[in-house]
Amino acid sequence: MDSKREKDNETECAKITTVLLKSRTGEFDLESIMFLKLRKLGIYDLGCIGECINLERLDLSGNNITNLGPLSPLRRLLVLNLSANRISNLEPLSSCEGLQSLNVAGNVIPSVDNLHALKSLKKLESIRLKDNTYNYSNPVCKNSSYRTLILDIFPNMKVLDGERVVGRGSDLYQLCKDIDDTIKAGMYKNGQLPELPDTKPWVDDGFWEIKRSNNSIVDEAYKQFSDVLHECRLLNSRAAHVISQNERTISLKNQPKQYAV
């Protein structure tokens, strides 16, 4: 019965319906929905999502979406996560004039030409086509110069694939990346790692050993501590022996009585 119910829910979630939106948000009026998360529901049909005209943040990651047409009425949309779907055409998003952040990593966008449709989005500052954390990418990312081409299309872009390209912190990030690349390139000679010299200890031998003091007070305190520690070990041994005897006695009492026939 439960498996049948789960199957019915999956069928219902395959298409976004009014019932699904209201049950997920608790809103009676679709125009009141501003934030919506519909992740990993097997959705392939966006249905009536366009009726949420005041939607600002939308997460549709991890579904089976191919057609973005129903998203075109969402002019107030600010943040859109479409990662891990089957999207190749971004043109319907060209009317989402308020869009600032777009995540389409893990789709099937073939080339940079498909991004030209979004050139009219003047507020778009962040695009993610690749996400190394989840091993998400797009066919367009195979082009070694795709980042440069995208920045040419979107001169106001601040973040690309999660990395700042302009603004505060971008210069430092690029500097660290250049240093890292230089170090990696210098580590390899003729395609092999060079032999590194043997490591040496930071401190001399005996540096961490506790040195005995000539002070008689310290010596006496050390002796007393050793005596107390020895007594504690004896008490622990006796306690373990008593516990063992008691456990054995209890186990014998719990054994069923046997009568001779």
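Residues numbered from 1 in each chain as written. Predicted model: local features only at pLDDT ≥ 70, side-chain atom pairs only at ≥ 80, totals over all residues. Heavy atoms only, no water.

## Quick word on the overall build of the protein
We count it as follows: Secondary structure elements are defined from DSSP: runs of H or I of at least 4 residues count as helices, runs of E of at least 2 residues count as strands, and each element is numbered from the N terminus. Think of it in three bands: residues with accessible area under 20% of the maximum for their type are buried, residues over 50% are exposed, and the middle band is partly exposed, with areas taken using a 1.4 Å probe on protein chains only. The criterion used for residue contact is that any of the two residues' heavy atoms lie within 4.5 Å. To measure how exposed things are, a 1.4 Å probe is used in the Shrake-Rupley method; for residues, cover is taken only from the protein chains shown.
Counting its regular elements, the protein contains 5 helices and 7 strands. Counted from the first residue to the last, the protein has its helices and strands arranged as α-α-β-β-β-β-β-α-β-β-α-α. Out of the 261 residues in the protein, the part that is buried amounts to 27%. Here the contacts in the protein between residues at least 6 apart in sequence split such that 36% fall between residues at least 24 apart. Surface accessibility of the protein: about 19000 Å² in total, with carbon and sulfur atoms responsible for 52%.

## Looking at the side chain of Asn85
For Asn85, the location among the structural elements is in the loop between β3 (79-81) and β4 (101-103). By relative accessible area, Asn85 is classed as buried at 7%. Non-local contacts of Asn85, meaning those with residues more than four positions away in its chain, are made with Leu60, Ser61, Gly62, Asn63, Asn64, Ile65, Gly106 and Asn107.

## Notes on unusual backbone geometry
Despite not being glycine, Lys40 shows a phi value in the positive range, around 50°. Inspection of the secondary structure assignment puts Lys40 in the loop between β1 (35-37) and β2 (57-59). The exposure class of Lys40 is exposed, given its relative accessible area of 64%. Phi at Ala84 is positive, roughly 60°, even though this residue is not glycine. Residue placement: Ala84 occurs in the loop between β3 and β4.

## Regarding the pattern of salt bridges
The line we're drawing: We define a salt bridge as a side-chain nitrogen of Lys or Arg found within 4 Å of a carboxyl oxygen belonging to Asp or Glu.
Scanning all chains against the criterion turns up 6 salt bridges. Across the pair Asp161 and Arg147 runs a salt bridge whose closest N-O atoms are separated by 3.7 Å. Here Asp161, found in the loop between β6 (159-160) and β7 (163-164), pairs with Arg147, found in helix α3 (residues 146-153); they are 14 residues apart in sequence, far enough to count as distant. Looking at Arg147, the relative accessible area reads 25%, which means it is partly exposed. It is possible to trace a salt-bridge network through shared partners that takes in Arg147, Asp161 and Glu163.

## So, the state of the cysteines
Note the cut-off: The definition used for a disulfide is geometric: two cysteine sulfur atoms within 2.5 Å.
As enumerated under the stated definition, the model contains 0 disulfides in all. Cys48 supplies the cysteine sulfur nearest to Cys52, a cysteine that is in no disulfide, at a spacing of 6.6 Å.

## Overview of the sheet that holds β4
Spelled out, the test is: A pair of strands counts as paired when DSSP detects no fewer than two bridges linking them.
Across the sheet, which stays open at both edges, the 7 strands sit in the order β1-β2-β3-β4-β5-β6-β7 with mixed pairing between neighbours. Two strands bound the open sheet, and with one partner strand each, they are β1 and β7. With 2 bridges connecting them, strand β5 (residues 126-128) and β6 associate as parallel partners. Looking at the pairing, Ile127 lines up with Leu160 of β6.

By themselves, these are just geometric observations and shouldn't be taken as functional.
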